[in-house]
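Remarks on the overall topology
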Amino acid sequence: MKITFRLWVLIICILLALLMISPSFTNGIIVKSIEKNSTAFQEGLRNGMIIKELNSKEINSYEDYTKSILDGVKVGDLTKYEIKTDQGDFIFLEQGAPKITVDNIPKTKIKTGLDLSGGARAIVRPIDVELTQTQLNDLVSVTDQRFNAFGISDVNIRSVSDLEGNKFMLVEVAGITPADLRELVSKQGKFEAKIGNKTIFIGGDRDISDVCRNDATCAGVTGCFPTQEGNGCNFQFVIYLSEEAADRHAEVTKDISLDETGQYLSEKLTLYIDDTEVDSLLISSSLRGQKTTQVSIQGSGSGSTSEDALKDAKESMNRLQTILITGSLPYKLEILKLDTISPSLGKEFSRSIILLGLTVFLIVSISIFVRYRKIKLTLAVILTMFSEAIITLGIAAFIRWNLDAPAIAGIIAGIGTGVNDQIVIIDESLSKSDNSNIKSRVKRALFIILGAFFTIVAAMLPLFWAGAGLFRGFALTTILGVTVGILITRPAFADIIRQVGE
Amino acid sequence: MENQETKGKDWYNKWYKIMLLIPLIIFIISLVYLGIFYKAHGDLFFKDSSLAGGSTFTINGDIDYLSLEDSLKEKFEDVNVREIKDLGTGESIAVIVDSSAQPEDLEQEIESILGYELTDENSSIEFTGPSLSKNFYKQFLIAIIFSFILMSLTIFFLFKTFIPSIAVIFAAFADIIMTIALVDVLGVKLSAAGIAAFLMLIGYSVDTDILLTTRVLKKSEGSVNQRIYGSFKTGIFMTITGLLAVLPAFFIITTLPDSFRQIFLILSIGLLADILNTWFTNASIIKWYADSKGIK
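Residues numbered from 1 in each chain as written. Chains lettered and ligands numbered in written order. Predicted model: local features only at pLDDT ≥ 70, side-chain atom pairs only at ≥ 80, totals over all residues.

On to the domain arrangement of chain B. All names here are of chain B. Segmenting chain B into domains produces domain 1 (2-47 + 131-292) and domain 2 (54-128). Domain 1 and domain 2 are separated by 36 Å when their C-alpha centres are compared. Counted by class, the side of domain 1 that touches domain 2 contains 2 nonpolar, 3 polar and no charged residues. (Domains from an automatic or database assignment. Nonpolar A, V, L, I, M, F, W, Y, C, P; charged D, E, K, R; others polar.)

Before going further, it helps to examine the interface of chain B and chain A. Contacts between chain B and chain A engage 63 residues on the former and 64 residues on the latter. Looking at the side of chain B that touches chain A, the elements with two or more residues in it are strand S2 (54-60), strand S5 (123-128), helix H5 (130-159), helix H7 (192-218), helix H8 (224-246), helix H9 (248-251) and helix H10 (258-293) of chain B. With 15 residues, H5 of chain B is the single largest residue contributor to the side of chain B that touches chain A. Here the residues of the side of chain B that touches chain A sort into 36 nonpolar, 20 polar and 7 charged. Alignment of strand S20 (residues 333-341) of chain A against S5 of chain B, held across 4 bridges, turns out to be antiparallel. The partner of Asp339 of chain A across the bridge, within S5 of chain B, is Glu126 of chain B. (Contact = placed C-beta atoms within 7 Å. Helix = DSSP H or I, 4+ residues; strand = E, 2+ residues; numbered from the N terminus. Pairing = 2+ DSSP bridges.)

Further remarks concern helix H9 (residues 343-372) of chain A. Compared with an ideal rise of 1.5 Å per residue, which puts 30 residues at 44 Å, H9 of chain A spans 44 Å between its outermost C-alpha atoms and is within 8% of the ideal. Remark: Arg373 of chain A follows H9 of chain A within two positions and exhibits a positive phi of approximately 55°. (Expected span 1.5 Å × (residues − 1).)

Attention shifts here to the sheet that holds strand S12 (residues 191-195) of chain A. Whether parallel or antiparallel, the strands of a sheet pair through hydrogen bonds between backbone atoms. Residues and elements named next belong to chain A. Sheet architecture is open: 4 strands sit in the order S13-S12-S17-S18, paired in antiparallel fashion. Each of the sheet's edge strands pairs with one partner strand only, and the pair in question is strand S13 (198-202) and strand S18 (276-281). Each strand of the sheet is rotated relative to its neighbour by a mean of 30°, with strand direction disregarded. Inspection of the sheet shows S12 paired to S13 by 4 bridges, in the antiparallel sense. In the strand pairing of S13, Ala193 is matched with Phe201. On top of the sheet, helix H7 (residues 243-253) reaches S12 and S13; it is set at about 155° to S13, its chief contact. (Axes fitted to C-alpha atoms, helices over the stretch in contact; angles between N-to-C directions.)

See below:
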């Protein structure tokens, strides 16, 4: 068989798609999130590390991990854990289980949606208020900050809108109970700065008249440095307090003693979001009893590389600024939709869908063979279906699309239209009663295929907007599938058929 | 052989207009049925909690779903309980509870009946508020209309002649109407995924119509009847393969997400309706058109 240009295109696309999907065969389990004030974090354990051994037992699955946790050596109230990861070994003491969440290492880079991987999803909207896009972006940012403050990192929050221009916030979290999600969402993002138990100022324009943002002279990352666990970066930005808040500051600080260095006050200014401490700042001794309207807020970010640390610091600064500007949300949120899918059911579903995909492949192949009685031709159809599936999955992995059950139904349906097109090509090119030349037959087949392509794309388009885009995945994979078909696999298939025909 | 073929041609020439009546009658029956249905229920579909508002619980494990339903019915009128079986072993692996009730109320009641707590390990909960579901339902219906209009425009653009285009569009419309009618007859509670499937059906069902129309209008070899028969051979095989591919989702692999199953159910009903509407409705109209235009 001659490998034509179109076949080369197909082969290269399949290879690229496989590279995107890149199956992984690493043993171990991956750290999904870690509490920032835990001993494990202090010892340097981080998100994304792969745990190979726990307490000298080899870890290959989530089940291994949960079993081995029980074997930790007790040291008084605490338990000693020895963890070997792909990036070094860690030994730490912790009360109870390590404050981390772990998961099996994903076998491929294909991301599955909540209905297949388990987790919770909420669609949220403020009660009785129409938000502008900027306000909605602030809400997303504040919510993100709050989830982070609660140590939930595997979260995806974004703004969505529907056909009528209604705006919603969509929150998707893996590994959270519906009660927790409900509570987190219903809280309003209250920011407080306290000295001792006295509140000095709260977020919002009553206490804070201005926050320096996007201005390098008064806001920015001040420096980066190596730390025990990797790298850290400090940030700093200035806020301007109202007269009233400044008075409170003076009143509260005037009786506080200096610390042993004499440079700072012995009590710190502590920042809380929804009553959880997020940071504490030293107060310079010169500010004692002073009516100060200008306060410098500091904080830090960390990461394994200096780039990561810089990025983390910038993100933390941005979130903190948002919360200081917006204060607690000036409206209540209502949960319009809340779905939680159990991970074990999701696993069962994933297994069934894979099985179904294989069955469909088999049935289509048999039916093609029964109809045409040609092995080579059947193989060509199988090859085409297979390549279409691989390339579509590859693109989905590349754009990091979460494939939910409807999206996978879309892939199967897309391949279905592919098979239809191939039947048209076969019938047009093998038709014996037809005396017209091959050129006009191919032209006709192309017209039918293009027609079918444009109608399915046109019919699926409205799904991108309807219902807050909940079925965007379904529309996307269908359109992706038929597009891959028309541009890549169909031309290659036509070449194969021509050679089989000869 | 030659004689038989001529006989076949005569048969089709004589009967094709009558053949148009069959789908037309079914179409009218469907419309009437939908009219009655609409009057009785105030809507075109039975809707599940994703479109009507309410909660759906999926509880893992082998649970006696009938007694659960009986117990729940005492407190919640519109509750509906189904089970999911693993076809390989015949074991019940989960039950699905659907109701318009608030999730907290339903959860509490289920917990007290089953005697254990529902956690995110042993159960899944989907809740949609009534205002959102109403809003989404309306939008999905608008999406169907948009989708149909976009498809129609594409068909006009492709064929650029009035009657053949209208024939294709009417066939697609009849597909949708008949599918909705059958979905209602079967008592299916439509979910949001089901509506998404209707959009796909709009795009998918016109494949064979495009094939037929192209072969009849753009091909010059053979008679019109031969071309219709040729496209029938190709098209019916396309549809049958499509149906075969959809069937295992119902008969072989039963533990699929509901959204997935409903997409496949609606596609298969639609494909069945499409056999009728392509090869009776559309074929008859296009032959009528070809004959009257003197297309040979």
